[in-house]
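For reference, the chains in residue letters:
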Amino acid sequence: EFMALLFYLEVILMNIFTGVYYGKKYKKKTSALILGISFVIIYLLMAGYRNTSGFSNDLLYSEIEFNNINKGVHSNYEFGYILLIKIGGLFTQDFYTFRSGIIAIFLLFLFWSIRKWSPSPHYVIALFSSYLIILSSEQLRYFLGFVIFEIGLCILV
């Protein structure tokens, strides 16, 4: 737990510090390196989360829904999410493997859009890491919806 907290604080502080000096002191290579390190740390924090505390059962219910949809049971979730689960079910029958793959793909989309549309992407990543990573680790549908919303908002603006 201490290492996870240390990495969590490291990604926030590293991006704030780089954001302050972005364009002044740091070059593009350093900025890209910080973004790469941030991606790896955020991915490990999100994909490695398993909720062993028992405070919330969202991951448990998502796993049950994943197994039910792949068995052919009707679901009331959104059509796009059901389609994503069915496509994921073709590649794996393990919910956590599916979740890790989806987190990696959508995190790539998120970082791509932040880097493309933000004048200083490090502030955005620090803000995402400071709060939204906690919600996104537990609630997969929330994270997927947030990434789609963020990309749409960037395109609209």
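Rules used throughout
Residues numbered from 1 in each chain as written. Predicted model: local features only at pLDDT ≥ 70, side-chain atom pairs only at ≥ 80, totals over all residues. Heavy atoms only, no water. Core = buried A, V, L, I, M, F, W, Y, C linked by side-chain atoms within 4.5 Å. Buried < 20%, exposed > 50% of the residue type's maximum accessible area, 1.4 Å probe, protein only. Helix = DSSP H or I, 4+ residues; strand = E, 2+ residues; numbered from the N terminus. Contact = heavy atoms within 4.5 Å. Expected span 1.5 Å × (residues − 1). Bend = angle between axes of the 7 residues up to and from the residue. Patch = residues over 30% accessible without salt bridge, like charges linked within 9 Å, V, L, I, M, F, W, Y side chains within 5 Å. Areas by Shrake-Rupley, 256 points an atom, 1.4 Å probe, with all protein chains shown as cover. Salt bridge = Lys/Arg side-chain N within 4 Å of Asp/Glu carboxyl O.

**Student:** I tried to follow the nonpolar core on my own but got confused; where do I start?
**Tutor:** Generally speaking, a soluble globular protein has its nonpolar side chains buried in company with each other. Among the nonpolar cores identified, the biggest contains 36 residues, and Ile42, Met46, Leu107, Phe128 and Phe143 are the most heavily contacted of them. Going through the elements one at a time, α1 (2–21), α2 (28–47), α3 (58–71), α4 (79–91), α5 (95–117), α6 (121–138) and α7 (140–156) are the ones with two or more residues in this core. Looking at this core element by element, the count peaks at ten residues for α5. The contact partners of Phe128, leaving out residues within four places of it in the chain, are Ile42, Met46, Leu110, Ile133, Ser136, Phe143 and Phe146.

**Student:** Honestly, α6 in this entry has me stumped. Any pointers?
**Tutor:** End to end, α6 covers 24 Å across 18 residues, agreeing with the expected 26 Å (1.5 Å per residue, within 8%). At Leu132, α6 is deflected by roughly 60°, the largest bend along its length. If you check which residues of α6 are buried, you get Pro121, His122, Ile125, Ala126, Phe128, Ser129, Leu132, Ile133, Ser136, Ser137 and Glu138. Tucked into the core, α6 has its buried residues touching α1, α2, α3, α5 and α7.

**Student:** Help me understand the environment of Ala4 in this model?
**Tutor:** Relative to the elements of secondary structure, Ala4 occurs in helix α1. C-alpha separation for the pair Ala4 and Asp58, spaced 54 residues apart in sequence, amounts to 21 Å.

**Student:** Even after reading the chapter, I still don't get the side chain of Arg99, so can you show me in this structure?
**Tutor:** Mapping Arg99 onto the fold places it in helix α5. Given a relative accessible area of 1%, Arg99 falls into the buried group. If near-sequence neighbours (up to four positions away) are discounted, Arg99 is found in contact with Met46, Ala47, Tyr49, Arg50, Leu59, Ser137 and Leu140.

**Student:** I'm lost on a nonpolar patch on the surface in this one. Help?
**Tutor:** Together, Ile16, Phe17, Val20, Tyr21 and Tyr123 make up an exposed nonpolar region whose accessible area comes to about 420 Å². With four residues, α1 is the single largest residue contributor to the nonpolar patch. In this fold, Tyr21 is placed in helix α1. Overall, Tyr21 belongs to the partly exposed group, its relative accessible area being 31%.

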